Amino acid sequence: MSNCCRRYCCCCCNVFCCSGNGHSISPPPFETPPVGNLLIFVNPKSGAGRSLEVFNKQIASQLIAKNINYELIVTEGSGHACSIVKTRKDIYLFNAIVICSGDGLIFEVINGLLERPDRSEIIPRLPIGIVPSGSGNALLGSVLHTRKLPLEDGPFQQTACSIIQDLEALAFPVNLLHIETPEQHFGAFLSIGWGLLGDIDIESERFRRIFGSGRFAIGAVLRLLNLRTYRGRLSFLESGPSEPAQADPFRVYETTMPPPFEVVMKEPEPLERIPIIPDSKKEEMGDFWETRYLSSYGQIPRLNEAVPENWTIIEDEFVFVYVMSLSHISNKGYYVPQAGLVDDRIYLTYALKKDVTSKITLAKFLDALDHGRHNETQAFDFFKIIPVKSFRLEPIDSGSYIVVDGEDIKCKSIQATVTNLNMAVMAK
Ligand SMILES: Nc1ncnc2c1ncn2[C@@H]1O[C@H](COP(=O)(O)OP(=O)(O)OP(=O)(O)O)[C@@H](O)[C@H]1O
């Protein structure tokens, strides 16, 4: 356990707090042995800044009532959660890692787990529970949609909280993408954006506290008023017929994992030095990811190699490129209805400047996107969607952000490939 501290109850927020400089908080001792054990991260700055309040009101006492033990870590900044999950030797003792935040902290935790030598065992078998308190909650939206559970804001949050404390909760596999940039290899579960949609995502972050998920609509209006387009080269390997994958859910509270081998872990790093995306040796991670490609792909080149002849290349001026591996871009936002949780393809979407007739059409498209109706009409035939196994984006014009799972990845080019490495997400 990390520095565990003396507990006292803080009357104003009704939470067990730390004294001293420790981060780790646990409930009072249980009278009978607990039936589960959770590692919980709360990002107090996520979304409208209410995540700690949500945890205290809707999760903490219910976990104690259900006899579920937990260790609460209130994150102190970017990279904090990453540093903990990549160095904790006792991570096998938890039934799940619960994240009270948005997709950004999940991205950080998954990439922290990917830094571990036991990544292949841990990631598929240590579920992620999600208490949505960020402005982007697409992963949980996609999973609950698959389970036909409610996605409207209030019921979405209540369902998410009830899942965490449900002793019958299941963990559903979700396959990860391998992302390669000139500097790094890392994992992602959701999307890669560039151009209009990437700009909206990053430039609207300053409205997060006031508007929550409404920030995307505000950002869209501002960006449309001053529309920017970008030249770039987009290369991709089209997906053939889909090969249905077998990946069964499992019970979260049934077992914890025995460590499969003696793991040699690194020491935790000081907070100010921690990058969100891990700093693993580039070649070692590249080799790891290649072992997770499906054999039917043929040869996927490294980013510094030319694309093979069976790839398609489009060099043009783009309004946006947006690649999705799941169905939803937010809890209510349907983007690719056909995307599955375990899918052997990702969905490359793009719009070329020459195909978009006016800003009004684009505004209507963004409005339809907000309501999940952008696929329903011929009016948006500039919106192309192609299932692919792998794609590469090489911007020619600078200025736009390259955004992976909602995070601004500062890089000059990017490649993403579907893999068979699954994370697991709690639902019911
Ligand atoms: N205490 C903290 N203060 C500031 N940032 C933090 C803190 N803890 C975590 N973070 C970082 O905040 C970022 C955004 O978190 P997250 O996406 O989960 O919430 P969000 O409010 O929904 O943001 P987004 O709108 O990007 O989804 C993450 O990259 C995470 O590393």
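Everything here concerns the structure above.
Analysis parameters
- Residues numbered from 1 in each chain as written.
- Predicted model: local features only at pLDDT ≥ 70, side-chain atom pairs only at ≥ 80, totals over all residues.
- Heavy atoms only, no water.
- Helix = DSSP H or I, 4+ residues; strand = E, 2+ residues; numbered from the N terminus.
- Polar contact = N/O pair within 3.5 Å; in protein donor to acceptor, adjacent residues only side chain to side chain.
- Buried < 20%, exposed > 50% of the residue type's maximum accessible area, 1.4 Å probe, protein only.
- Contact = heavy atoms within 4.5 Å.
- Pairing = 2+ DSSP bridges.
- Core = buried A, V, L, I, M, F, W, Y, C linked by side-chain atoms within 4.5 Å.
- Domains from an automatic or database assignment.
- Salt bridge = Lys/Arg side-chain N within 4 Å of Asp/Glu carboxyl O.

Chemist: I tried to follow the side chain of Ser325 on my own but got confused; where do I start?
Modeler: Along the chain, Ser325 turns up in the loop between β13 (312–324) and β14 (346–352). Only 2.7 Å separates the side chain of Ser325 from the backbone oxygen of Phe189, close enough to count as a polar contact.

Chemist: Where do I start with helix α2 (residues 80–87) in this structure?
Modeler: Helical geometry: 3.6 residues make up each α-helical turn, so side chains three or four residues apart lie on a common side. Most of α2 sits inside the fold, with 8 of its 8 residues counted as buried. Buried residues along α2 sit against β4 (36–42), β5 (68–74), β6 (96–101) and α3 (103–114).

Chemist: Where do I start with the pairing of β6 in this structure?
Modeler: One face of the sheet, then the other: side chains in a regular strand alternate in exactly this way. Of all the 6 residues making up β6, 6 are buried; the element is thus mostly covered by neighbouring parts of the structure. Of the two faces of β6, the one carrying Ala96, Val98 and Cys100 and the one carrying Ile97, Ile99 and Ser101 are both buried. The pairing of β4 with β6 spans 5 bridges and is classified as parallel. In the strand pairing of β6, Val42 is matched with Cys100. With 5 bridges joining them, β6 and strand β7 (residues 128–132) adopt parallel strand pairing. Following the sheet pairing, Ser101 is matched in β7 by Pro132.

Chemist: Just checking my understanding: could you explain the nonpolar core for this structure?
Modeler: In summary, soluble globular proteins display a tendency toward joint burial of nonpolar side chains. Counting residues in each nonpolar core, the largest one holds 128 residues, and the members touching the most others are Ile97, Phe391 and Met423. With 9 residues, the top contributor of residues to this core is strand β18 (residues 414–427). Summarising the domain contributions, this core has at least three residues from each of domain 1 (7–175 + 252–273) and domain 2 (179–244 + 278–422). In contact with Met423, not counting residues within four places along its chain, are Ile106, Ile110, Ile123, Ile128, Leu139, Phe172, Pro173, Val174, Leu176 and Phe189.

Chemist: How should the pattern of salt bridges be read in this particular structure?
Modeler: Side-chain pairing between opposite charges can occur once the charged atoms of the two side chains come close. Within the structure shown, the criterion is met by 22 salt bridges. Close ionic contact of Arg119 with Glu284 constitutes a salt bridge, the shortest N to O distance being 3.3 Å. A residue pair is termed long-range when its members are at least 10 positions apart, and Arg119 in helix α4 (residues 119–125) and Glu284 in helix α10 (residues 282–290) qualify at 165 residues. When salt bridges that share partners are traced, they join Asp199, Glu203, Arg223 and Arg228 into one network.

Chemist: Would you mind showing me how to read the environment of Ser296 here?
Modeler: Looking at the secondary structure, you find Ser296 in the loop between α10 and β13. The class of Ser296 is partly exposed, set by a relative accessible area of 41%. Once the C-alpha coordinates of Ser296 and Lys389 are considered, the two residues, 93 residues apart in sequence, prove to be 9.6 Å apart.

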